[in-house]
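# Coordinate analysis (summary)
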Amino acid sequence: MAQDEKAKEPTVTFQAKAGFPSDPKPMEVHAGVGDIKPWDADSWAQFEQMGKPRPRSEAPLKATGQAKYTFDLKLPGMLHGRMIGAEVAAGEILSIDTSKAEALPGVKAVWTADSRVVRFAGQDVAAVAAVSPDVARDAARLVKVTYKERPFAHELRAAMKPDAPLVYDLDKSPAGPNVPRKGNVVGPTGGGRGSRGDAEKGFAEAEVVHEGTYYCPVHTHSPLETHGVVASWEGDQLTVHASTQGIFAVREGIAEALGVDRKNVRVLCEHMGGGFGSKLGPSASGSAFAMVACRLARKAGAPVKLMLDRRQEHLCTGNAPSALMTVKVGAKKDGTITAVHYKSWGSAGVAGGAGTAGPVGALHGKNPNLKVEGYDVYTNAGPAAPLRAPGHSQGAYGIESAVDELADKLGLDPLEVRKKNEASPVRLAQYDIGAREIGWARRNRKAGDPSTGGFAPAKGAKKRGLGMANGNWYVFASESTGAQVKVHRDGSVEVICGYQDIGTGSRTAIAAVGAEELGVETSAITMRIGDTQFPEGPASGGSVTINSVAPAVRLAANQARTKLFELAAPLLGVKPEELDAANGKIFVAKDKTKSVTFKQAAAKMSGETIDCTAKRPKQYETFRGDLAGTQFAEVEVDTETGEVRVVKMVSVNDCGFPANPLTAESQVIGAMIQGASWALLEDRTLDRNVGTMVNPNLEWYKILAPADMFEAKSILTPLANLGNNTSTAGIGEPPIVPTLAVIANAVFNAIGVRVRDLPITPDKVLAALGEAKRRA
Ligand code: MOS
């Protein structure tokens, strides 16, 4: 909606207190008509349900294996589907012969793709449905596909070469004819958006300049549960169980692709095993498997379960783009940054959207001069998908490595350089908290020289170091979110919303919001989610879930509370306006001894339920439009083997008011693990000779394992951000933004040489150390 249109919407005005509860600032906020005063800085100390750490309510189900994931579902007469992907990286499909597969006993349906052009290995070619996974696998092998192969570009730097084979003909650029294109390189994308001031002038004012090139490989999402659906038809009614981050997106996409009415499609997701951005769409970024499963089910007249295997998951369900970043930073001798020139090339495979500049504009906010250039490079690889703060981990790795190198060049503490250029009051408050927790004073004053640091003497050839870096994210929300609160005559409460818990424990966080408003225990609320028959919920991406759902739930709960007060008031001989609620009681605000229980009030209702539905009101002005975070790491590097071990990480983050700090912190810890894994191990590698992935499993595509675990500490800095009536904001993405840079900077502090090419594997560490020795 245009800004002026938004301004014309009728609003209500509230005077509230914004910022840290210990340092509240008066602020006027304008909310949509019908909304209520936001929980503000004064609310934090008064909360009884919000902000209290609680184990997720579904934990016992998950721990005992009773929680049913899509992967676990078994329907009567269910068939097993299997996708068949292209075995070549580029070319044309000359023929697909499914006759042998169809003739195999137990095969019930076959599907073949319309497209004959292959642009990546793993692209959808055909699919089968059969009575068992084994028969489906056998049938898949019997599908005979012949190709006319073409040369391909397997990787970012190879694809940038002027003579590289074209992934798309020049007139078939997915970015459209208006974006400049040279070979496989498209851009500048976004027309240099994010630039400010005059970089040339800023560099002229600089007393020292650092320029470095940093590379970050493609990272795959690798969720525990692969993509998949179970599709079943009853007449023209289609039910789809999906492992998804967005049940409504699945419904939309499937209804559109199949040409059926969306009201005839029901999508369910009770529990799901992670997506990290790859499960936001109706199917997957590089495969239409969900629609294929629905078609196979219709054709076979039986339910079809179609889960991708781990290899397919790596090839066609998305990945985080690689990034090659050239970063130039100029500063005064005291560390004041005067200019940044940030140039980035990234590959999202056959797709676009490899931009990484988000953090570059947001961090070092006092720097007046910034020039940003970004390019997408096509490669013959599966299309990228959003991955946990898309592009931001890569971008923060580039800019925060460069600023770290600049600080080293100036002989300054990198933390002091950050403080000097910091524009966010939130991050300024976070720095010392993180520094204290990691023991920042122990860092090697001279990188690689333990005699200048405060670490306990290391054993043998091991060296320790400390690094830090910052991240940013945004306060996004989905304003089409609705929620329903039902209070039953027996006093039981249901909160109902068509969003899905992607593994974050959001049920318990949302329940705390409803419980706080109603004055009941969080555990007394039954959460019903993951069904498109419920009021529409957001797709869980962009860290929007709590910021979208919580305000709708609070508003619906507030309406139910008003109705309960009307029932309780005559029992207490007061007016409804004189009442308040907490701890399962409704009481007279001025005299708490006069009370009835929540249950006593509910028993007075005339019907069976009080049933209230509310839509999320529009987003208010926020105290801060960004989500600030800072991160620290201690690493140990074995200079004989080149192995890097993370000893401890500390992440200090703002997520507004954390509804459930325990599960919020779990997300922060998960982000640190995923980021450390990317920094040290993960690298989606395509074979330069044949173009297929050489490590399409979890044995050769390494991710951080329990034995690699470090001490991970999350510290949340609660903030009354006032962006919605609950002051909540998401935390799923922000804490992975700094992590690649934090690890890289800590490794540098330990050994005094920098690896500018992720992942920081032992061979690269040894090569860097060897190179430094030769130069010394
Ligand atoms: Mo996230 S990458 O928006 O799921």
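First, a word on what this report is: a plain description of the structure on this page. (Residues numbered from 1 in each chain as written. Predicted model: local features only at pLDDT ≥ 70, side-chain atom pairs only at ≥ 80, totals over all residues. Heavy atoms only, no water.)

### Here we look at unusual backbone geometry
That bond from Gly 187 to Pro 188 is cis: its omega, 5°, falls within 30 degrees of zero. Residues Leu 758 and Pro 759 are joined by a peptide bond in cis, for which omega reads -5°. By secondary structure assignment, the location of Pro 759 is in the loop between helix H18 (739–751) and helix H19 (762–775). Of note, Phe 276 is a non-glycine position whose phi angle comes to about 55°, a positive value. Residue position: Phe 276 is located in the loop between strand S14 (265–268) and helix H8 (289–300). Notably, Arg 388 is not glycine yet its phi reads approximately 25°, a positive angle. Relative to the helices and strands, Arg 388 resides in the loop between strand S18 (370–377) and helix H11 (392–410). (Helix = DSSP H or I, 4+ residues; strand = E, 2+ residues; numbered from the N terminus.)

### Regarding the sheet that holds strand S3 (residues 79–85)
What the seven strands build is an open sheet, ordered S5-S7-S3-S15-S12-S13-S14; its pairing is mixed. Two strands in the sheet have a free side with no partner beyond their single neighbour: strand S5 (107–112) and S14. With strand direction ignored, the average angle separating the axes of adjacent strands in the sheet is 20°. By the bridge criterion, four bridges tie strand S12 (residues 228–234) to strand S15 (residues 304–307) in an arrangement that is antiparallel. Among the inter-strand pairings, Ala 231 is bridged to a residue of S15, identified as Val 304. Where helix H7 (residues 247–258) meets the sheet, it contacts S12, strand S13 (237–242) and S14, and its direction lies at approximately 145° from that of S14. (Pairing = 2+ DSSP bridges. Axes fitted to C-alpha atoms, helices over the stretch in contact; angles between N-to-C directions. Contact = heavy atoms within 4.5 Å.)

### Some thoughts on the side chain of His 219
Among the structural elements, His 219 can be located in the loop between strand S11 (208–216) and S12. Separated by 3.3 Å, the side chains of His 219 and Glu 682 make a polar contact. Setting aside anything within four residues of it in sequence, one finds His 219 in contact with Asn 319, Ala 320, Leu 387, Gln 674, Trp 678, Glu 682 and Tyr 701. (Polar contact = N/O pair within 3.5 Å; in protein donor to acceptor, adjacent residues only side chain to side chain.)

### Digging into the nonpolar core
Val 329 and Ile 760 are the most contacted members of the largest nonpolar core, which has 61 residues in total. For this core, the element with the most residues is H18, which contributes nine residues. Listed in part, the 60 residues of the second largest apolar core include Ala 16, Met 27, Leu 555 and Phe 657. (Core = buried A, V, L, I, M, F, W, Y, C linked by side-chain atoms within 4.5 Å. Buried < 20%, exposed > 50% of the residue type's maximum accessible area, 1.4 Å probe, protein only.)

Just distances and angles here, no functional claims.
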